[in-house]
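# Secondary and tertiary structure notes
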Amino acid sequence: MARTYVVTGSASGIGRATAELLREQGHHVIGVDLHDADITVDLTAPTDRERLVAEVAERSGGAIDAIVAVAGLALPIPATVGVNYFGMVATLEGLRPLLAGSPAPRAVGVASMASLHPNDAELVDLLLAGDEPGALARAEVLAADPETTGALIYGSTKAAFARWVRRNAARPEWAGAGIPLNAVAPGVIITPMTAAMVETAEQRTALLELVPMPLNGFAEAITVARLLAWLASEENTHLCGQVVFIDGGSDVVIRGDATW
Ligand SMILES: NC(=O)c1ccc[n+]([C@@H]2O[C@H](COP(=O)([O-])OP(=O)(O)OC[C@H]3O[C@@H](n4cnc5c(N)ncnc54)[C@H](O)[C@@H]3O)[C@@H](O)[C@H]2O)c1
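So, here's what we can say about the structure. Note that the coordinates shown come from a computational prediction; the quantities given were computed from them, not determined experimentally.

Neighbouring the ligand are 30 residues, the closest being Ser12, Asp33, Tyr154, Ile189 and Thr191. Between the ligand and Gly13 there is a distance of 3.5 Å, counted from an oxygen atom to a backbone nitrogen or oxygen. Protein chains shield 93% of the accessible area of the ligand, which is 820 Å² for the free molecule. At the level of elements, α1 (13-24) and α6 (152-168) are the ones that each hand at least two residues to the shell around the ligand. Residue composition of the shell around the ligand, grouped by class: 17 nonpolar, ten polar and three charged.

See the structure below:
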């Protein structure tokens, strides 16, 4: 049966591949992005986050079946905090009421294997406390040196988002309302976000040291799109609060037995 999906980040990479896949499957997709989308919003801006909810409500007649929150930035700048954490959480929380009438409501967001990389504990705490001005100020400090502290910003946003999913998935408003809330954690996926990091053999070797992917190496966006589509489908009735690593094995190599 055709369902209505909201996909953020739909103009590029993983979000685009997901929107295309869902449309090929016969579903109705409301694409959201900074440009080239049904709804154009800047997810770093609180007013745009509100407009997103209003415009999705208008376009969908107030009823959607799934939220697929993909939009993200991987730059060592404060805006990464705005879109990857606050934008993603606002998308999921803001659109959640529109799932209420669906026979099979679903929600999924994109974290990253970078959640396993070193992060800034102060920033992670500010994110989870919902303190956006505080988190942006901390990110500004970290961004002063892009190569060292700035590089902690991205992993911090993804670790905080993964924890947010874990903390919220079993709550009455999600599991209690019959909505599976989960995340995916991709390894290196070849998209415009990573294109400049994999141009030379030296770059690829260095990246695989940071993100070991013994199973089939770097992946294409469609690989993650298929998982997102399943997590947001009617078939997913019982995954709750999982962060599913789709990373060619980097979680296994880096954490080994640590999670068990
Ligand atoms: N590519 C990878 O290797 C990889 C790995 C792990 C996680 N991820 C995550 O996957 C998601 C998608 O990444 P991608 O590789 O497809 O990147 P991408 O750059 O191809 O696409 C990201 C999309 O998000 C949109 N976006 C960025 N800032 C926005 C904002 N302020 N408001 C609205 N939209 C905004 C961009 O316009 C773009 O269309 C991100 O959350 C990223 O962190 C990517």
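This next bit is on helix α5 (residues 132-143). With twelve residues, α5 extends 16 Å from end C-alpha to end C-alpha; this agrees with the ideal 16 Å at 1.5 Å per step. Every buried residue of α5 is listed here: Glu132, Gly134, Ala135, Arg138, Ala139, Leu142 and Ala143. Close packing links the buried residues of α5 with α2 (46-60), α3 (79-95), α4 (121-128) and α6.

Moving on, we get to the packing of aromatic side chains. This structure, assessed with the given rule, holds three aromatic pairs. The interplanar angle of 85° and the centroid separation of 5.1 Å between the aromatic rings of Tyr85 and Phe86 together place this pair among those described as edge-to-face. Given the relative accessible area of 3%, Tyr85 is considered buried. Residue classification places Phe86 among the buried residues on the basis of a relative accessible area of 9%. Measuring from ring centre to ring centre gives 6.4 Å for Trp164 and Trp174, while their planes differ by 85°; the resulting arrangement is edge-to-face. On the criterion of sequence distance, the pair formed by Trp164 in helix α6 and Trp174 in the loop between α6 and β6 (181-186) is long-range, its members being ten residues apart. An aromatic cluster is present here, built from Phe161, Trp164 and Trp174 joined pairwise through their rings.

Parameters at a glance
Residues numbered from 1 in each chain as written. Predicted model: local features only at pLDDT ≥ 70, side-chain atom pairs only at ≥ 80, totals over all residues. Heavy atoms only, no water. Near = heavy atom within 4 Å. Polar contact = N/O pair within 3.5 Å; in protein donor to acceptor, adjacent residues only side chain to side chain. Areas by Shrake-Rupley, 256 points an atom, 1.4 Å probe, with all protein chains shown as cover. Helix = DSSP H or I, 4+ residues; strand = E, 2+ residues; numbered from the N terminus. Nonpolar A, V, L, I, M, F, W, Y, C, P; charged D, E, K, R; others polar. Expected span 1.5 Å × (residues − 1). Buried < 20%, exposed > 50% of the residue type's maximum accessible area, 1.4 Å probe, protein only. Contact = heavy atoms within 4.5 Å. Phe/Tyr/Trp six-rings, centres within 6.5 Å; stacked < 30°, edge-to-face > 60°.

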